[in-house]
Amino acid sequence: AAVARAFVARLDPATGDGLASLAAGAGVARGTSIVTAPSGNAYWAGNEQGGARLFLRRLDPDLAVINEITPACSSCDPRVARTLSAVAITGGFQGSLDLAVGGPAPLIANGGADVFVASLAPHAGAFTEQKTKKFGDGATQIAAGIAGGANGGLFVVGAFDGTLSMGGGKTK
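One structure accompanies this document, and this report is about it. None of these values were measured; they are calculated from a predicted model. Sequence positions are assigned chain by chain, starting from 1 and proceeding in written order. Owing to the predicted nature of the model, reporting of local features is limited to residues with pLDDT of at least 70; listing and counting of side-chain atom pairs is limited to 80 or more, with chain, interface and lining totals taken over all residues. By convention in this description, side-chain values take in all heavy atoms of the structure and omit both hydrogens and water.

The subject of this paragraph is the side chain of Thr-83. Tracing the backbone through its elements, the reader meets Thr-83 in the loop between β7 (79-82) and β8 (87-93). Relative accessible area decides the class of each residue, using a 1.4 Å probe on protein chains only: under 20% of the type maximum gives buried, over 50% gives exposed, and in between gives partly exposed. On the basis of relative accessible area, Thr-83 is assigned to the buried category, the value being 13%. At a separation of 2.9 Å, a polar atom in the side chain of Thr-83 contacts the main-chain amide nitrogen of Ala-86. Contact definition: two residues touch when any of their heavy atoms are within 4.5 Å. When near neighbours in sequence (up to four residues on either side) are disregarded, Thr-83 contacts Ala-88 and Leu-154. Under the DSSP-based scheme used, a helix requires at least four consecutive residues in state H or I and a strand at least two consecutive residues in state E, with every element numbered from the N terminus. A 3.5 Å cut-off defines polar contacts: any pair of N or O atoms within that distance qualifies, except that in protein one atom must be a possible hydrogen donor and the other a possible acceptor, and neighbouring residues in sequence count only when both atoms are side-chain atoms.

Another aspect to go through is the sheet that holds strand β3 (residues 30-36). At least two DSSP bridges between two strands are needed for those strands to be called paired. Overall, antiparallel pairing links the 4 strands, which are arranged β3-β4-β5-β6 in an open sheet. Only two strands of the sheet have a single neighbouring strand rather than two, namely β3 and β6 (65-69). Strand-to-strand twist of the sheet, defined as the mean angle between neighbouring strand axes without regard to direction, takes the value 20°. Pairing of strand β5 (residues 53-59) with β6, which is carried by 4 bridges, proceeds in the antiparallel orientation. Helix axes use the C-alpha atoms of the stretch in contact, all axes being lines fitted to C-alpha atoms, and the angles between their N-to-C directions lie in the range 0 to 180 degrees.

Here Leu-84 lies in the loop between β7 and β8. Taking relative accessible area as the criterion, Leu-84 reaches 63% and is therefore assigned exposed. Each C-alpha atom, one on Leu-84 and one on Phe-155, is 13 Å from the other, the two residues being 71 residues apart in sequence. What Leu-84 contacts, discounting residues up to four positions off in sequence, is Ala-150, Asn-151 and Gly-152.

This paragraph deals with a nonpolar patch on the surface. Together, Leu-154, Val-156 and Met-166 line one region of the surface with nonpolar side chains, adding up to about 200 Å² of accessible area. Within the secondary structure, Val-156 is located in strand β14 (residues 154-160). What makes Val-156 partly exposed here is its relative accessible area of 31%. Here a patch means residues that are over 30% exposed by relative accessible area and free of salt bridges, tied together within 9 Å if like-charged and within 5 Å if nonpolar (Val, Leu, Ile, Met, Phe, Trp, Tyr). For the area figures, the Shrake-Rupley method with a 1.4 Å probe applies, and any residue is considered shielded solely by the protein chains shown. Think of a salt bridge as a Lys or Arg side-chain nitrogen and an Asp or Glu carboxyl oxygen that are within 4 Å of each other.

In this model, the largest pocket occupies a volume close to 210 Å³. Detection works on a 1 Å grid of protein atoms alone, calling trapped sets that fit a 1.4 Å probe cavities and calling open sets with protein on both sides within 12 Å along at least five of seven lines pockets, with lining residues defined by an atom within 4 Å of a point. Lining the largest pocket, in full, are Val-117, Ala-118, Ser-119, Lys-131, Lys-133, Phe-135, Leu-154, Phe-155, Val-156 and Met-166. Within the residue set of the lining of the largest pocket, elements represented by two or more residues are β11 (114-123), β12 (126-135) and β14. Classifying every residue of the lining of the largest pocket gives 7 nonpolar, 1 polar and 2 charged. Grid points are joined across faces, edges and corners, and a volume is the space filled by probe spheres set on the points. Basically, the charged four are Asp, Glu, Lys and Arg, the nonpolar ten are Ala, Val, Leu, Ile, Met, Phe, Trp, Tyr, Cys and Pro, and anything else, Gly included, counts as polar.

Here the focus is the state of the cysteines. A covalent bond between the sulfur atoms of two cysteines is referred to as a disulfide. A pair of cysteine sulfur atoms is labelled a disulfide when the two atoms are within 2.5 Å. According to the stated counting rule, one finds 1 disulfide in the structure shown. The disulfide partner of Cys-73 is Cys-76, and the gap between their sulfur atoms is 1.3 Å. With respect to class, Cys-73 is no different from Cys-76; both count as buried.

Given below as structure tokens:
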């Protein structure tokens, strides 16, 4: 049987029992990563509608949704990290990806799947884009993880075919 719903749970540190949980997702959904903030809030990323949409949700400590975006994104498998001033999300995408209405122009993949990296800030129930980039050529490139660095930079890991330029030189 196919798994159809994404979930997130907050567990009691003493007993391991669930204190709060949330199941979400339209169609077939899968949570792919979560990161917490000092405030007790959490940022949860995943995909839904069978991988046709990504989601990014900011949750309060009781797992109520505070902010969310659910843009169309073919073959997305997003990961999330906290930065000094925002939240960062990465993954692979095919076709086009528009993370925030009114933000920069949509990203367009160069053929196969390309890597995307975006810095977003929670705003008015959604998120605003601070910076969004894509990386890749006509072959397939995917990002599988992201972490915020102490100086505000990001570390991204993944896999690629073809040539991958992240702006500081090409990896072959």
